[in-house]
Structures are given as C-alpha cells and as structure tokens.
Amino acid sequence: MKIVHSPQAMAAWSLRLRREGVLVGFVPTMGALHEGHRALIRAARLRCDALVVSIFVNPTQFGPSEDLAQYPRPLANDRRLCREEGVDLCFEPSVAAMYPQGYQTMVTVPAIARRWEGDVRPHHFSGVATVVTKLFGMVRPDIALFGQKDYQQAAVVRRLVDDLNLGVGIIVRPTVREKDGLAMSSRNVYISPEQRIIAT
C-alpha cells in the first residue's frame, strides 16, 4: 500500500491512472477506522480498479468547544486495516497542506446544512463541504463512498457535487451497527455504559 502526504503527489498518482482508463474509488475518513469503515472500503473495492482512503482529522468541521484535540488518531491500526482490505493508497495530508497560510475559501450548502445537526453545530457542514471539495480536487476519484449513518452529511455532499459539477459518483451505503443496535462510530469510545444504553 502506498502512503502519500502531498496533495500534488496524490493528484499526480490519480491522474496518471485515470489517463490509463483505471477507475479510481475513494473513501474519505477522519481515521479511527472501525467495521463501518471496513464495510465502505470493501464496497468500494468491488466497484473500482484503484482504491484511495484518506485519513485526515479536519479542523474546520469542529466547533470551538468540540473534541478536535481528543479525537482518536490510531494511525498504525488504521493503516493495518487499509492493508488488510487491499487499499492501494492511503492519503494522509497535514493540516498545513490542506489549509496553507492565507487560506480563505469555504464551501457552503446552506439549505441542507442549517437544520438538524447544523442547528446545533452551525459551522460543521461548511467544514465538511469544504474538506470534501478539496479532497475531491486532490484525489480526483471517479466514485466516492459515504455511510448512511451520517445521512445529512451525505445529502450535503451529493448537493455540492451536483451544484459544482464535480463529476464524482456518490454512493451511500447502509449503516453498520454494533450487536446492540448502536451505529458504529469512532466517537463511541467516549460514552459510558449508562450512556450506551440510552444511545441504543
């Protein structure tokens, strides 16, 4: 498995393959990969010739009092899972590479983003839309897969791809759940046994 940190190297790799007629698939993640991510990666592997998984904890989608600093980052485990599932390239850009000094541009999808989760996290979906747009520009995928667990996020991504004519096929896959019915999430490690009962 190839590991790439540079956006320029990422784009060059993908463009070379696409010129050769290779169909590039993409699963964007913030790492802390679990069985839900594994299911997305497996579904993508069946649909493409070359598969990219990104691991990037995106600061622009976290609010000022949220868990950016505490967000789990088990990179060695994430890479191992990707290797096990036959991922061709793991894209691991730095914050400085994604948002260099002087960066100003943000992408918004206001009608979809303002309700539900957006009502209590007003800047979250602008951060999501921005990083996904940037990742699509770097990875240059033919298709990208997202989980239905983050349904509003998937709706935002579909809208921005259509509105901006990005030419990426968006595939949304069913939620993968724990045995007790709780949707798998990297943040499930935060909750206590009592909160786990309430969550289900």
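Refer to the structure printed above.
Below you will find a few notes about this structure. (Residues numbered from 1 in each chain as written. Predicted model: local features only at pLDDT ≥ 70, side-chain atom pairs only at ≥ 80, totals over all residues. Heavy atoms only, no water.)

We now examine helix α8 (residues 151–163). Residues spaced three or four apart along an α-helix point in a common direction, a consequence of the helix completing one turn every 3.6 residues. Over its 13 residues, α8 runs 18 Å from end to end, which matches the ideal 18 Å to within 8%, given 1.5 Å per residue. Asn165 lies just past α8 and shows a positive phi near 55°. (Helix = DSSP H or I, 4+ residues; strand = E, 2+ residues; numbered from the N terminus. Expected span 1.5 Å × (residues − 1).)

All right, on to the nonpolar core then. Met10, Val52, Phe91, Phe136 and Ile170 are the most contacted members of the largest nonpolar core, which totals 33 residues. Per-element tally for this core: the top contributor is helix α7 (residues 124–139), with nine residues. When sequence neighbours within four positions are dropped, the list of residues in contact with Met10 reads Val4, Val52, Leu89, Phe91, Met138 and Val139. (Core = buried A, V, L, I, M, F, W, Y, C linked by side-chain atoms within 4.5 Å. Buried < 20%, exposed > 50% of the residue type's maximum accessible area, 1.4 Å probe, protein only. Contact = heavy atoms within 4.5 Å.)

The calculated volume of the largest pocket comes to roughly 940 Å³. If you go around the largest pocket, you meet 41 residues; those closest to its centre are His37, Tyr71, Lys149, Asp150 and Gln153. Contributions of two or more residues to the lining of the largest pocket are made by β2 (24–29), α2 (35–45), α7, β5 (143–147) and α8. The element best represented in the lining of the largest pocket is α7, accounting for six residues. Tallied by class, residues from the lining of the largest pocket come to 18 nonpolar, 17 polar and six charged. Put simply, the second largest pocket is a space of about 210 Å³. For the lining of the second largest pocket, a count of residues per class yields twelve nonpolar, one polar and three charged. (1 Å grid on protein atoms, 1.4 Å probe; cavity = no way out; pocket = protein on both sides within 12 Å on 5 of 7 lines; lining within 4 Å. Points joined across faces, edges and corners; volume = space filled by probe spheres on them. Nonpolar A, V, L, I, M, F, W, Y, C, P; charged D, E, K, R; others polar.)

Looking now at the sheet that holds strand β3 (residues 50–55). By definition, the strands of a sheet pair up through backbone hydrogen bonds, in either a parallel or an antiparallel sense. Taken in spatial order, the six strands line up as β1-β4-β3-β2-β5-β6 in an open sheet, and their pairing is parallel. Bordering the open sheet on either side are β1 (2–4) and β6 (169–173), each of which pairs with just one other strand. Strand-to-strand twist of the sheet, defined as the mean angle between neighbouring strand axes without regard to direction, takes the value 25°. Alignment of β5 against β6, held across five bridges, turns out to be parallel. When the sheet's bridge partners are listed, Gly147 is paired in β6 with Arg173. Of the strands in this sheet, β2, β3, β4 (89–91), β5 and β6 touch α7, which is tilted by about 145° from β2. In the packing of α8 onto the sheet, the strands contacted are β5 and β6, and the crossing angle to β6 comes to about 170°. (Pairing = 2+ DSSP bridges. Axes fitted to C-alpha atoms, helices over the stretch in contact; angles between N-to-C directions.)

Here the focus is the environment of Gln70. Along the chain, the position of Gln70 falls in the loop between β3 and α3 (75–84). Sequence separation between Gln70 and Met30 is 40 residues, and the spatial gap between their C-alpha atoms is 13 Å.

In this section: the environment of Asp49. Considering the arrangement of structural elements, one finds Asp49 in the loop between α2 and β3. Taking the C-alpha atoms as reference points, Asp49 and Gly21, 28 residues apart in sequence, are found 9.4 Å from one another. Excluding its chain neighbours within four sequence positions, the residues that come into contact with Asp49 are Gly21, Val22, Leu23 and Asp88. A polar atom in the side chain of Asp49 sits 2.8 Å from the backbone nitrogen of Leu23. (Polar contact = N/O pair within 3.5 Å; in protein donor to acceptor, adjacent residues only side chain to side chain.)

This part covers the side chain of Gln153. With respect to the secondary-structure elements, Gln153 resides in helix α8. Setting aside anything within four residues of it in sequence, one finds Gln153 in contact with Phe125, Val128 and Phe146.

This part takes up the packing of aromatic side chains. With the rule as written, the count across this model stands at four aromatic pairs. Ring centres 6.2 Å apart and planes at 70° place the aromatic pair Phe26 and Phe136 in the edge-to-face group. Within this pair, whereas Phe26 is found in strand β2, its partner Phe136 is found in helix α7, the two being separated by 110 residues in sequence. Residue classification places Phe136 among the buried residues on the basis of a relative accessible area of 5%. Taken together, a centroid distance of 6.4 Å and an interplanar angle of 40° make the contact between Phe56 and Tyr99 tilted. Of this pair, Phe56 sits in the loop between β3 and α3 while Tyr99 sits in the loop between α4 (95–98) and α5 (110–113), placing them 43 residues apart in sequence. (Phe/Tyr/Trp six-rings, centres within 6.5 Å; stacked < 30°, edge-to-face > 60°.)

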